[in-house]
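# Breakdown of the fold
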Amino acid sequence: MLVTNKYDKDTIVSFKIVNGDEIVAKIVEETDTGYVISKPTTVMPSQQGLGLLQSLFTSDLNKSISIDKNHVMLHSATVKDVEDYYIQTTTGITPATAGGIIT
């Protein structure tokens, strides 16, 4: 049985594509044959840890792009730390963290 995830609009998702790149992007729409995404970034290792680099340097960042499901090996909702970093990288906004209880 084939199990697939259906992602809600605006979910931040990590994709491992067939060439080995890992892409983090926001879901615009999921179709039967692919994903429409916005602001894709490629995960790049660095001495300070993981970084996110714009995937398509020459594309219009305000337009969505498509990834065919045949080119995706793995996909999953992105972990919270990377999701926050993605939001900060693509928007310049630092997401608020949950406050603690002050005693």
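Residues numbered from 1 in each chain as written. Predicted model: local features only at pLDDT ≥ 70, side-chain atom pairs only at ≥ 80, totals over all residues. Heavy atoms only, no water.

## Let's talk about the side chain of Ser14
Mapped onto the elements, Ser14 comes out in strand 1 (residues 12–17). Of the polar contacts made by the side chain of Ser14, one reaches the side chain of Thr78; its length is 2.8 Å. Sequence-distant contacts of Ser14, that is, excluding residues within four places in its chain, are made with Glu22, Ile23, Val24, Leu74, His75, Ser76 and Thr78. (Helix = DSSP H or I, 4+ residues; strand = E, 2+ residues; numbered from the N terminus. Polar contact = N/O pair within 3.5 Å; in protein donor to acceptor, adjacent residues only side chain to side chain. Contact = heavy atoms within 4.5 Å.)

## Looking at the packing of aromatic side chains
One pass over the full model with this rule turns up 2 aromatic pairs. With centroids separated by 6.4 Å and ring planes inclined at 50°, the aromatic side chains of Tyr7 and Tyr35 adopt a geometry described as tilted. Note that Tyr7 is positioned in the segment before strand 1 and Tyr35 in strand 3 (residues 34–46), a separation of 28 residues in sequence. Tyr35 sits in the buried class, given a relative accessible area of 2%. The structure contains a cluster of three or more aromatic residues connected by ring pairs, namely Tyr7, Phe15 and Tyr35. (Phe/Tyr/Trp six-rings, centres within 6.5 Å; stacked < 30°, edge-to-face > 60°. Buried < 20%, exposed > 50% of the residue type's maximum accessible area, 1.4 Å probe, protein only.)

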